[in-house]
Every structure is written in C-alpha cells, then in structure tokens.
Amino acid sequence: MLEPLFQVKIKCPCCENEFMSSRVRPSFKKSIKTDTDFCHYYKEEVNPEYYVVRVCPMCGFASTENAKQDLNDRQRKLYYEKIGANWVSRDYGGARSWEEALAAYKLALLCAQIIGEKDRVVAGLLHHIAWLYRYKSNEEQELRFLRFALDAYIKVYEVEGVSVNNAKLMYLIGELHRRVDEPYAAVKWFGRVINDKSIVDAAMIRASREQWQLLREEMKAKQLELPEEMEEA
C-alpha cells in the first residue's frame, strides 16, 4: 500500500546543501471541506499544508517552492546574522506534527522577512499560519495572523496592480476583512469584483456575490447600518 508521504530532493537557496523533504502524494490530497478563504480540510491523517515549507537541516533556512530559489550575498549575510549563526541542526524531513508544521512556517516567515521576500510569499505564509491555528480552534491567534495576512495582501495589490490573479486577490482581501469583522471594508472589495467589467473570472464573481449576500445578512443581524449599495441589493 502506498505511503502518503514521499521524499523530494531540495537544494537550499542559502547554503546550497542538498537535503530531503517530505511531500504528500496527490492521491492523499483530497480535501473534504474548503473554507471561503481557501483553507482546506482533509480526511486523511496527513495534512498537505504541514509540508509546504522546506527546512534545510544544515543552515536552518526555510522557504516554500514559490520563494526565491537563490539568495544573493547580502541576503545570505543577513540570514546568518539573524538566524543561521545560532541554528542548531534539526531535521524536518520526515512526518510532521502540527507543532512542527507551525514551527516550520514561522521559521519560513522570519527568513522571508529577513531577506526581503516578495509580499505575495509573505502574505501566503501569514495566511497559512492563520489556518494552522484555525485547525486547533485557536480563534485569538487565527484572527491575529489573518489581520497580518490581510495587510500583506493589500500591499500585494498596491504593488502589483492589475494582474491575472487580481480577482482572486481582491476577493480574498474582501473575505479577510469580513473574517476580522471589518464589514464596510469587505463590502467595498466584494463590490469591486462584482462591478468591475474587466474582471471575467466567473468563479470569483460568483464567490464575491455569495459573500456579499452573507455579509448583508450578518450586518442586518448585528443591526449595522447598510451601505447605500447594499440597500438597493
């Protein structure tokens, strides 16, 4: 019988050491539920989200496949000054517990911030950390990291401007505003996706309409004053 995990060889972007890291086989990646901010839940004991980050056992540099694959001398120097010089070798290459997954993500976040990684990569790491806390029903920490992720996604939008994934990014910014209880900001972002004629991503337009309606009901239940555009809906 197939094991859920398999090993891949990774070349560390920092020290160039080659090491093995575990991934989850595609056949074990079937999610049983997905939240409206794309957090997946899995039936199997092995959660693919635990294995997104690769951690070099030699120097401790942690990153994802979307991150920089090569560091320049300045980035290496910064990393070694902040983390690498004090790294005590440990191996994240095998099966990971929730605690080990969280440690790997937080290490990757630190590394990304130190080397000045792309905002989109930093936002993704923050969002994944929020999901890990959600799996444990730790609402306080989940909301804390959702707020960090939201700020990072807004920065991505401001820096990248119009791009192919704009609709998904705008929807996500709206949805995170809704989740951190900022309904008026959420309305604006969902409205942008729905009303922008240049957006042709049918799935994101539909998702924005659904969340717009949900938000409307939530605001009515809380007896909040509805924005003008919602009054007409």
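Residues numbered from 1 in each chain as written. Predicted model: local features only at pLDDT ≥ 70, side-chain atom pairs only at ≥ 80, totals over all residues. Heavy atoms only, no water.

Engineer: Would you mind showing me how to read the pattern of salt bridges here?
Structural biologist: Here the idea is simple: oppositely charged side chains can pair when their charged atoms come close. In the structure shown here, the tally under the stated rule is 16 salt bridges. Between Glu175 and Arg178 there is a salt bridge, and its shortest N-O distance comes to 2.9 Å. Of this pair, Glu175 and Arg178 both sit in helix H5 (residues 166–179), three residues apart, which is roughly one turn of that helix. An identical accessibility class is assigned to Glu175 and Arg178; each is buried. (Salt bridge = Lys/Arg side-chain N within 4 Å of Asp/Glu carboxyl O. Helix = DSSP H or I, 4+ residues; strand = E, 2+ residues; numbered from the N terminus. Buried < 20%, exposed > 50% of the residue type's maximum accessible area, 1.4 Å probe, protein only.)

Engineer: Is there a simple way to think about the side chain of Asn47 in this case?
Structural biologist: Examined against the element boundaries, Asn47 turns out to sit in the loop between strand E4 (40–42) and strand E5 (54–55). By relative accessible area, which is 9% here, Asn47 ends up buried. Among the polar contacts listed, one links the side chain of Asn47 to the backbone nitrogen of Glu49, at a separation of 2.8 Å. Residues contacting Asn47, with those up to four places away along its chain left out, are Val24, Tyr42 and Tyr135. (Polar contact = N/O pair within 3.5 Å; in protein donor to acceptor, adjacent residues only side chain to side chain. Contact = heavy atoms within 4.5 Å.)

Engineer: Whenever I open this one, the nonpolar core confuses me. Can you help?
Structural biologist: Generally speaking, nonpolar side chains in soluble globular proteins are found buried as a group. Val53, Val55, Phe61, Leu125 and Tyr153 are the most contacted members of the largest nonpolar core, which has 71 residues in total. Every element with two or more residues in this core is listed here: strand E2 (18–24), helix H2 (98–115), helix H3 (119–135), helix H4 (139–160), H5, helix H6 (183–195) and helix H7 (202–221). The biggest single contributor to this core is H2, with 12 residues. (Core = buried A, V, L, I, M, F, W, Y, C linked by side-chain atoms within 4.5 Å.)

Engineer: Which parts of the structure should I look at to understand unusual backbone geometry?
Structural biologist: Glycine aside, residues mostly have negative phi angles, and peptide bonds mostly take the trans form. Of note, Ser137 is a non-glycine position whose phi angle comes to about 60°, a positive value. The phi angle at Gln223 is positive, at roughly 60°, despite the residue not being glycine. Take Gln223: it is sitting in the loop between H7 and helix H8 (228–231).

Engineer: I'm lost on the environment of Tyr80 in this one. Help?
Structural biologist: For Tyr80, the position within the fold is in helix H1 (residues 73–82). For the pair Tyr80 and Gln69, spaced 11 residues apart in sequence, the C-alpha separation works out to 17 Å. Excluding anything up to four places from it in sequence, Tyr80 contacts Cys14, Cys15, Cys59 and Ala85.

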